[in-house]
Amino acid sequence: MLNQDYNAIKRFIDSADITFPDCYPNYAADGTSRKPMWRTAEYAKNASSLRPAWLAPQAFCWTQQGKKSRPPTLDEMRNQSWQALINGCKGIIFYSHYDHSQMYYPLIIGPDFIAQEIQDVAHLIAGDFRNDEMKFTVTPADPHFQCALFEADGKMMLAAVNTANEVRKVDFTIPKWQNQTLFMLSENGSCQVGNGKFSVTFQPLETKIFLTSPPAEKHKTVAEVKKQIAELEAARIKKGNLFALGGNLRHDIEEITLGKQAGKLQFALSSDPAIKDFAHRKYGIGYYLFDGMTDEYASSRLHWVPDAADKTPTVTVTLPKKEKISCIRLNTVMREEKSNVKAGTVYAMVEGKMVKCADFKNDSAAWVEINFPAITSEKWQIQITDFVRKKPLLCEIEAYENSGSVKND
């Protein structure tokens, strides 16, 4: 039973075998959040004291009135998840796969990474708490620092979470450990215990997991995943791509879609049934044809599926100023090794009239490159004249001054 607050947890406690709160911090671009990070721990404590509990961490870009919202980072999702496990929850369900999440790399890659590291120590999470065998002191004092000691089959784990947006130094005392080396989950390196004591500096919102035995398998570290996310995000703007919008916050995506941001290209689709969807109501998915997220990372829910009655699906692009273009590339949607886009035509506005630049045909190519004599224009159209009806057609559209400047995929 998914609940939202303390009252709901108690009210519906007898309606399901497992309860799981969804304490979304709701992050804003100005660095604030509607709920403090440590509130997640309070929800978890409350739920797990009454019934077996899971948590639904925030893994989407929510909205709050008067604020520009942003998606959670990898650190913030990991922080939420481990707060819950430390306080008695035994399962995690990230919300939500389709609601403003699959346009952000942290939300595409992060949940899988966190799930893997939790799976690596699931036997310890399912074991016994040994919090009475541990003492710790936080500097500066912080009542919301979260940690727990787990044990299973003679192996132990200390999970610790800094819920503050500031550095915290923590001195741990675990007499049972005496002098030994601790292994770090999802990190390189180790931690040395001397006479049952050790000290650790936690960066803002940092989560650290200490193990008395190394995990059975070695997977990516937090640092490696952060680097992967940063590189993918940077690659969304390809050098020379005149149609690139890249990644933006939800508020900016909506404003760009409505043509409210000066200096950004404008676009129009001949039809867009996604305007009626819950997640994309009023705005549709046109923006995602220019967001630089392609191939394996592009969500099928963000592919353009024209209306069934649309006989000539058309995308119109208006640039902030005239640009010289001789190459347009389409990332088409594949089905059973065949492209759903079979043929079409590229047009450009020249002296007030739409002029044909080139026709194209396609069968089995995910990427279609259309080359033509260079034309300088601010308004362009891609018309699709032959296609598989009622199926997704396009993932991305790119434009370049010449084919030589195209980055290979």
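Quick look at the structure, then. Keep in mind it's a predicted model, so treat the numbers as computed, not measured.

Parameters and conventions
Residues numbered from 1 in each chain as written. Predicted model: local features only at pLDDT ≥ 70, side-chain atom pairs only at ≥ 80, totals over all residues. Heavy atoms only, no water. Helix = DSSP H or I, 4+ residues; strand = E, 2+ residues; numbered from the N terminus. Buried < 20%, exposed > 50% of the residue type's maximum accessible area, 1.4 Å probe, protein only. Contact = heavy atoms within 4.5 Å. Areas by Shrake-Rupley, 256 points an atom, 1.4 Å probe, with all protein chains shown as cover. Disulfide = S-S within 2.5 Å. Pairing = 2+ DSSP bridges. Axes fitted to C-alpha atoms, helices over the stretch in contact; angles between N-to-C directions. Phe/Tyr/Trp six-rings, centres within 6.5 Å; stacked < 30°, edge-to-face > 60°. Lys NZ or Arg CZ within 6 Å of the ring centre and 35° of its normal. Core = buried A, V, L, I, M, F, W, Y, C linked by side-chain atoms within 4.5 Å. Parallel < 35°, antiparallel > 145°, perpendicular 65-115°, else oblique.

This part covers the overall build of the chain. Looking only at helices and strands, the chain has seven helices and 19 strands in total. Seen through its principal axes, the chain has C-alpha atoms that stretch 80 × 45 × 40 Å. Considering the chain as a whole, with its 409 residues, one finds that 52% of them fall into the buried category. Long-range pairs, those at least 24 residues apart, make up 73% of the contacts in the chain between residues at least 6 apart in sequence. Element-wise, carbon and sulfur atoms account for 49% of the exposed surface of the chain, whose accessible area totals about 19000 Å².

The next point concerns the state of the cysteines. Under the defined criterion, the tally for this structure stands at zero disulfides. The structure places no disulfide on Cys327, whose sulfur is separated from the nearest cysteine sulfur, that of Cys357, by 12 Å. We classify Cys327 as buried; its relative accessible area is 0%. Just so you know, Cys395 is unpaired, no disulfide at all, and the nearest cysteine sulfur is the one on Cys327, 17 Å from it. Assessed through its relative accessible area of 4%, Cys395 is described here as buried.

Taken together, three strands build an open sheet; the order of strands is β4-β7-β10 and the sheet is antiparallel. The sheet is open, and its two edges are formed by β4 (135-139) and β10 (197-202), each paired on a single side. Each strand of the sheet is rotated relative to its neighbour by a mean of 20°, with strand direction disregarded. Direction of pairing for strand β7 (residues 168-173) relative to β10: antiparallel, over a ladder of six bridges. If you follow Arg168 over to β10, its bridge partner there is Phe202.

Attention now goes to the packing of aromatic side chains. One pass over the structure, following the stated rule, counts 19 aromatic pairs. Aromatic side chains Phe198 and Phe210 sit 5.7 Å apart centroid to centroid with 65° between the ring planes, which places their arrangement in the edge-to-face category. Within this pair, whereas Phe198 is found in strand β10, its partner Phe210 is found in strand β11 (residues 207-211), the two being separated by 12 residues in sequence. Take Phe198: its relative accessible area is 5%, and that puts it in the buried class. What makes Phe210 buried here is its relative accessible area of 1%. Three or more aromatic residues joined by ring pairs form one cluster here, namely Phe136, Phe145, Phe172, Trp177, Phe198, Phe202 and Phe210. Here the basic side chain of Arg281 rests over the ring of Phe278, its NZ or CZ set 4.5 Å away from the ring centre. Here Arg329 stacks its cationic end above the ring of Trp367, 4.2 Å away from the centre of that ring.

Residues Trp82, Phe243, Phe290, Ile328, Trp380, Leu394 and Ile397 are the most contacted members of the largest nonpolar core, which totals 72 residues. Per-element accounting of this core gives the leading share, eight residues, to strand β18 (residues 367-387). When sequence neighbours within four positions are dropped, the list of residues in contact with Leu394 reads Leu289, His303, Trp304, Val315, Leu330, Asn331, Thr332, Val333, Val341 and Ile384. With 20 residues, the next largest nonpolar core counts Phe145, Ala160, Phe172 and Ile174 among its residues.

Let us look at the packing of helix α3 (residues 74-86) against helix α6 (residues 222-234). In contact at an axis separation of 11 Å, α3 and α6 are set at 140° when each is read in the N-to-C sense. In terms of their interaxial angle, α3 and α6 are classed as oblique. Between α3, through Leu74, Asp75 and Arg78, and α6, the contact on the second element is made entirely by Val222, Val225, Lys226 and Ile229.

This part covers the side chain of His280. On the secondary structure map, His280 appears in the loop between β12 (266-269) and β13 (314-332). The residues touching His280, leaving out its near neighbours within four places in the chain, are Met103, Ala274, Ile275, Ile285, Tyr288 and Leu302.

Before going further, it helps to spend a moment on the sheet that holds β11. The antiparallel open sheet is built from six strands, whose spatial order is β3-β5-β6-β11-β8-β9. Where the open sheet ends on each side, the last strands, each with one partner, are β3 (128-129) and β9 (190-193). Relative to strand β5 (residues 146-152), β3 runs antiparallel, the two being bridged by two bridges. In the sheet register, Asp128 faces β5, and the bridge partner there is Glu151. Sheet strands in contact with α3 are β3, β5, β6 (155-161) and β11, and its direction is about 130° off that of β6.

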